[in-house]
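# Structural overview for review
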Amino acid sequence: MSARDRAARRRAFGVGAAVAGAALRAVSAGPWAPALERTNFRGRTVTLAAGPALSAAAAVGAAAGAPSRRTAAAALVAGLSAGAVGLYDDVVGARPEQKAAKGFAGHLAALRRGRVTSGLVKIAGVGAAGLAAAALLAGDPAVRAHPRRRRAGRAAGLVDVLLGAGVVAGTANLVNLLDLRPGRALKAGALLGAPLLPGPAGGLAAGPLGAAAALLPADLDERVMLGDSGANALGALLGVALAARTGPVGRAALLTGIAALTAASEKVSFTQVIQQTRGLRELDALGRRHS
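In this report, we go over the structure that sits alongside the text. (Residues numbered from 1 in each chain as written. Predicted model: local features only at pLDDT ≥ 70, side-chain atom pairs only at ≥ 80, totals over all residues. Heavy atoms only, no water.)

## Notes on the packing of helix α2 (residues 50–65) against helix α3 (residues 69–92)
Selection criterion: Every axis corresponds to a line fitted to the C-alpha atoms, with the helix fit spanning only the stretch in contact, and the corresponding angles, defined between N-to-C directions, vary from 0 to 180 degrees. Only DSSP runs of H or I with at least four residues qualify as helices, and only runs of E with at least two residues qualify as strands; both kinds are numbered from the N terminus onward. Note that the term roughly parallel is reserved for angles under 35 degrees, roughly antiparallel for angles over 145, roughly perpendicular for angles of 65 to 115, and oblique for everything else. When checking whether two residues touch, look at their non-hydrogen atoms; a contact exists if any pair is within 4.5 Å. In this count, Pro and Cys sit with the nonpolar residues alongside Ala, Val, Leu, Ile, Met, Phe, Trp and Tyr, while Asp, Glu, Lys and Arg are called charged and the others, Gly among them, polar.
Running from amino to carboxyl end, α2 crosses α3 at an angle of 175 degrees, the nearest separation of the two axes being 8 Å. For the element pair α2 / α3, the angle class is roughly antiparallel. Of the residues in α3, those touching α2 at P52, S55, A56, A59, V60, A62 and A63 are A72, A75, L76, G79, L80, G83 and L87. Its residues assigned to classes, the contact of α2 with α3 comprises 11 nonpolar, 3 polar and no charged.

## Quick look at the environment of L178
Definition in use: For every residue, the accessible area obtained with a 1.4 Å probe (protein chains only) is divided by the maximum for its type, and the residue is called buried under 20%, exposed over 50%, and partly exposed between those limits.
For L178, the location among the structural elements is in the loop between α8 (154–177) and α9 (184–193). Residue classification places L178 among the buried positions, given a relative accessible area of 18%. A C-alpha to C-alpha distance of 7.8 Å links L178 and A188, two positions 10 residues apart in sequence. Residues contacting L178, with those up to four places away along its chain left out, are R184, A185, A188 and F270.

## Structural notes on unusual backbone geometry
One non-glycine residue, E222, lies in the positive phi region at around 60 degrees. With respect to the helices and strands, E222 occurs in the loop between α10 (202–220) and α11 (227–244).

## Observations regarding the layout of surface pockets
Note the threshold: In this analysis, the protein atoms alone were mapped onto a 1 Å grid. Cavities are point sets where a 1.4 Å probe fits without being able to get out; pockets are open sets with protein on both sides within 12 Å along at least five of seven lines; lining residues have an atom within 4 Å of a point. Grid points are joined across faces, edges and corners, and a volume is the space filled by probe spheres set on the points.
The calculated volume of the second largest pocket comes to roughly 520 Å³. If you trace the second largest pocket, you find 19 residues lining it, with L178, A188, L191, I274 and L280 closest to the centre. Taken together, the elements giving at least two residues each to the lining of the second largest pocket come down to α8, α9, α12 (248–265), α13 (270–276) and α14 (278–285). Considering each element in turn, the lining of the second largest pocket owes the most residues, 5 residues, to α9.

## Considerations on the packing of α10 against α11
Using the following cut-off: The sense of a crossing depends on the near helix, which, turned anticlockwise from the far helix by less than a right angle, makes the crossing left-handed and, turned clockwise, makes it right-handed.
Contact geometry for α10 and α11: axes closest at 8 Å, N-to-C directions at 165 degrees. Put simply, α10 runs roughly antiparallel to α11. As α10 runs across α11, the sense of the crossing is left-handed. Contact residues: L204, A205 and P208 in α10; L234, L237, L238, V240, A241 and A244 in α11. Residue classes in the contact of α10 with α11 are distributed as 9 nonpolar, no polar and no charged.

## Structural notes on the pattern of salt bridges
Put simply, the rule is: The working definition used for a salt bridge is a side-chain nitrogen of Lys or Arg within 4 Å of a carboxyl oxygen of Asp or Glu.
Per the counting criterion, the structure on display carries 9 salt bridges. Among the salt bridges present, the one from R44 reaches E222, with a minimum N-O distance of 3.5 Å. On the criterion of sequence distance, the pair formed by R44 in the loop between β1 (37–39) and β2 (45–47) and E222 in the loop between α10 and α11 is long-range, its members being 178 residues apart. Of the residues examined, R44 reaches a relative accessible area of 25% and is grouped as partly exposed. The structure contains a network of salt bridges with shared partners spanning R42, R44 and E222.

Have a look at this one:
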């Protein structure tokens, strides 16, 4: 790994951490702060301020460490857009008329009855953000230089973009599915992002990791929660990092795994699996306020 790549990673991590702290203070002190208060699984009052703070910090940090302008733009589009529609769902989805629709099937059922739910807006928004980010990556010479892409025709290139969009949106949703206990989504993001640090695109993962590290203590202490805004943004940015370093076959394999885990979540409780698996249970509880 070159000195330039290492410098990009350090810069991205530092920017992500610094912006996260400043953004959390700003969001927590704003006039909208009361609207962001929620009750967590233990009955404690916490704030969703960490969500928009993480979204902004992770996106800016990833862009700061990106290897090109187009890749930086992909990170900004994915992180900020996923965070924005997630925040919309966090706020609007808390209304009584919105709470009846649960899961993807519930949102589709509501749509068939002529009602557009905040969850459906979030799903469409994250999908659109993933598509835009994948299209930007496709225009990056460094990403196009992948051996399998140099031999691909126009139709194959379109499929590659769609696969990339699926990886970005799918990872956003997967991290969001894990955000059911303090610190869990941030720990999962760290485990997913750490192996992505080596290489020219490592800065894309370093920015979100820096933001996650800055917010993890407050999340574990049950003073904040990520909500859909933070979890979707973190997952979307890690999805961009994954898409930037994989070819069509790698993207297809990733998307298959993500789809399998997402489908499993409809039948199996991730929280129950974690609690019944010793190593996962101990990692999940590590550093938590009431572990």
